[in-house]
Every structure is written in C-alpha cells, then in structure tokens.
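# Chains, contacts and geometry: an overview
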Amino acid sequence: MTGQSTTRTVPGTGGSGSARAGGRTGQLLSNAAVALGLLMFLGGFVWGAVVYRPYTVPTTSMAPTIDAGERVLAQRVDGGEVRRGDVVVFTDTTWADVPMVKRVVAVGGDKVSCCQDGRLKVNGEEIDEPYLADDTVTGFTAFPEVTVPKGRLFLLGDERSGSVDSTAHLTDAAGGTVSRGAVQARVDAVVWPMDGMLTEPSGFERLGVLSSPGPLRTVTAMVIAGAVLVLGGAAYGPFAKRAAASRARASAGGTGVR
C-alpha cells in the first residue's frame, strides 16, 4: 500500500488578492491626499501673495500696536474701501515720498479734534481707543477742530506724542489730510514677531461700519491644512509597508502543515 500525504493550509490566513486590493486603495488615497495637500499649500501661498504685501515699520510712531522693526502684512485695497479705525499704508509726497503706516481716525465730511477728557473727538463723539498705551492720553497734542474734505483722510499714529502725522501737517494746503488715492494697503496683522491680528477699532463703531479683516486666517488655515495632508499622505507608504510586513510575519507564524 502506498502512503499518501495531504497538505492543507490552515483557514483564515487571508488572501493575497484582498491585501493587494486594500494596498492599492490605500495608495490611491495617499496620492490623493498629497495632491490635494500640495494644491492647498501652494494655493494658499499664491492667494496670500496676490492679496497681501509685506512691510517693515521703521519707527515707533504706531507703538504699541506696531513697534519699530516689526513686519506686517497689509491687504491690497482701493482707497475707497478705507474706513475709520483702519491702519493703512500710504505714500504722500508732501509728507515723505516713502510708504508710511498710520491709523485713519476721520474720513471725508468728518469733524475731528483733540483733546476732550484726554480723548479724540470725531463728529461730537469721544472715541475709545483700546489699542493705545495706557499713558498715551497724557501725551496727546491738542489741535483745533478740522473738517476733513471729501475724498480725503485724517491720520494719526498710535504713539500720539511722537508721531509725525496729520497733526504735524495742519498748516499744509490740505490741512493735514491725505487723499484716499494715496492708500496702497490696509494692515491686517503683525507677523514678525507673531503678534497676530490687529485689535478691532471698536471705538469707531458708533460712527459707521468698520472694515472686515482680510482673508489672512483662511490663507493660513489653507497652508497648514495642505502641509498636514502632504505629510500625512507621504507617511502612508512607509507605515503601510511596515504594517504589511507585520501581517506577513503573523500569517507565516499561523500557517501549519498537516
């Protein structure tokens, strides 16, 4: 009689076809995550470059909101979009033929003066300015009421005692005001050091609608989310290979011959 041996594989060791299918699906998802991440990451940078301009503020005239040497991002805007409380970048040849950063405190048609109870007054309203240093009111330079011509802006530095602003140009033909057309951008945030978004100029709300912040938060979120997707997708390959190797070793250990 001839002996006959039968070899059987223990059930449940898994099919290689399903493993490959799972691997292919995972790789497709990984590639999609990397592609989407790159799109978001680069798209966020391009969007930011189109919308924003970086500036370095060389003086302390906007302290404590912006200190000397700090880097800001300013949204490119049309001068017609500027509202009270905005911090803007502008160039006026009668002041200095270089970009300057100041805060808009009055627009065309407004009446502005200083100081009543240590506060700026616009159209009869005393303005609360929480972004100023606590001792700023003691350094205010008083000036008589100015009526801002239409199409022009009255600007002050947040460091009121040392800023060369509209108060230093009251004897000019334009009475210290600047044309809306001179505005190049509106400052959204201090990015170096990372001080973040500027404080909302809430004291001007009673006089009209304030400007809304630009898309900086959305741009930043896009860049961060894109980076996470790229890193996560790229990390899938090594993790998947390690997991597959572990499963293979476990499968080999559980396979017997009888």
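All figures in this text were calculated on a predicted structure; none of them were measured in a lab. (Residues numbered from 1 in each chain as written. Predicted model: local features only at pLDDT ≥ 70, side-chain atom pairs only at ≥ 80, totals over all residues. Heavy atoms only, no water.)

### What about the overall build of the protein chain?
Threshold: Starting at the N terminus, helices and strands are each numbered in turn, a helix being any DSSP run of H or I of at least four residues and a strand any DSSP run of E of at least two. Exposure categories follow from relative accessible area, calculated using a 1.4 Å probe and restricted to protein chains: below 20% of the type maximum is buried, above 50% is exposed, and the middle band is partly exposed. The contact criterion used is simple: two residues touch if any of their non-hydrogen atoms lie within 4.5 Å. In these tables, accessible area is a Shrake-Rupley quantity obtained with a 1.4 Å probe, and a residue counts as shielded only by the protein chains included in the view.
Looking only at helices and strands, one finds two helices and twelve strands in the protein chain. Ordered by position from N to C terminus, the α and β elements of the protein chain give α-β-β-β-β-β-β-β-β-β-β-β-β-α. Here the protein chain holds 258 residues, and 36% of them are scored as buried. Taking the contacts inside the protein chain whose residues are at least 6 apart along the sequence as the reference set, 68% of them involve residues at least 24 apart. When the accessible area of the protein chain is evaluated, it comes to approximately 14,300 Å², of which 58% is carbon and sulfur surface.

### Some remarks on the nonpolar core
Let me state the cut-off plainly: Put simply, a nonpolar core is a bunch of buried Ala, Val, Leu, Ile, Met, Phe, Trp, Tyr and Cys residues held in one set by side-chain atoms that sit within 4.5 Å of each other.
Ranked by size, the top nonpolar core spans 17 residues in total, and within it Val-105, Val-112, Leu-120, Val-122, Phe-143, Phe-154 and Phe-204 carry the most contacts. Of all the elements in the fold, those that place two or more residues in this core are strand S4 (96-107), strand S5 (111-116), strand S6 (119-122), strand S8 (143-147) and strand S9 (152-156). Leaving out residues up to four positions away in the same chain, Phe-204 has contacts with Arg-84, Gly-85, Val-104, Val-105, Ile-127, Glu-129, Tyr-131 and Leu-210.

### Quick notes on the pattern of salt bridges
We count it as follows: Note on definitions: salt bridges are taken to be side-chain nitrogens of Lys or Arg within 4 Å of carboxyl oxygens of Asp or Glu.
All chains considered together, the criterion is met by six salt bridges. Where Glu-129 meets Arg-160, a salt bridge forms, and the shortest distance between an N and an O atom there is 2.8 Å. Taken together, the positions of Glu-129 in the loop between strand S7 (125-126) and S8 and Arg-160 in the loop between S9 and strand S10 (178-179) put the pair 31 residues apart, joining distant regions of the chain. By the burial criterion, Glu-129 is buried, and Arg-160 matches it. Across the pair Arg-160 and Asp-158 runs a salt bridge whose closest N-O atoms are separated by 4.0 Å. The pair formed by Arg-160 and Asp-158 is uniform in burial state, with each residue classed as buried. Residues participating in the shared-partner salt-bridge network are Arg-103, Glu-129, Asp-158 and Arg-160.

### As for the side chain of Thr-65
Applied cut-off: N or O atoms closer than or at 3.5 Å make up a polar contact, with two conditions inside protein: a donor-capable atom paired with an acceptor-capable one, and, for residues adjacent in sequence, both atoms drawn from side chains.
Looking at the element boundaries, Thr-65 is found in the loop between strand S1 (52-56) and strand S2 (71-76). Using a relative accessible area of 15% as the deciding quantity, one classes Thr-65 as buried. Looking at Thr-65, its side chain comes within polar contact range of the side chain of Asp-158, at 2.5 Å.

### Observations concerning the state of the cysteines
This is how the line gets drawn: Here, a disulfide means two cysteine sulfur atoms that sit within 2.5 Å of each other.
In total, this model carries one disulfide according to the counting rule given. Each sulfur of the disulfide joining Cys-114 and Cys-115 lies 1.7 Å from the other. In this structure the cystine formed by Cys-114 and Cys-115 twists about its S-S bond by roughly 45 degrees; its chirality is therefore right-handed. On the accessibility criterion, Cys-114 (6% relative accessible area) is buried. Given a relative accessible area of 28%, Cys-115 falls into the partly exposed group.

### So, the sheet that holds S6
Spelled out, the test is: When DSSP locates at least two bridges between a pair of strands, those strands are taken to pair.
The four strands lie next to each other as S7-S6-S5-S8, forming an open sheet whose pairing is antiparallel. Where the open sheet ends on each side, the last strands, each with one partner, are S7 and S8. Pairing between S6 and S7: two bridges, direction antiparallel. Bridged to Lys-121 within S7 is Glu-126.

### Considering the environment of Val-34
Inspection of the secondary structure assignment puts Val-34 in helix H1 (residues 16-51). Note: C-alpha distance between Val-34 and Ala-234 (200 residues apart in sequence) is 6.6 Å. Setting aside anything within four residues of it in sequence, one finds Val-34 in contact with Leu-229, Val-230, Gly-233 and Ala-234.

### Observations regarding the confidence of the model for the protein chain
Should pLDDT be low for a region, the predicted coordinates there are not to be read in detail. Our working rule: pLDDT: the predictor's confidence for each residue, scored from 0 to 100.
Residues with a pLDDT of 70 or more make up 84% of the protein chain, whose mean pLDDT is 86. Across residues 5-15, where pLDDT falls below 50, the model places twelve contacts with residues more than four positions away in sequence or in other chains.

### Regarding unusual backbone geometry
Across the junction of Ala-63 and Pro-64, the peptide omega takes the value 0 degrees, indicating a cis bond. Counting through the fold element by element, Pro-64 comes out in the loop between S1 and S2. Each neighbour pair has its own omega, and for Trp-192 with Pro-193 the value is -5 degrees, a cis peptide bond.

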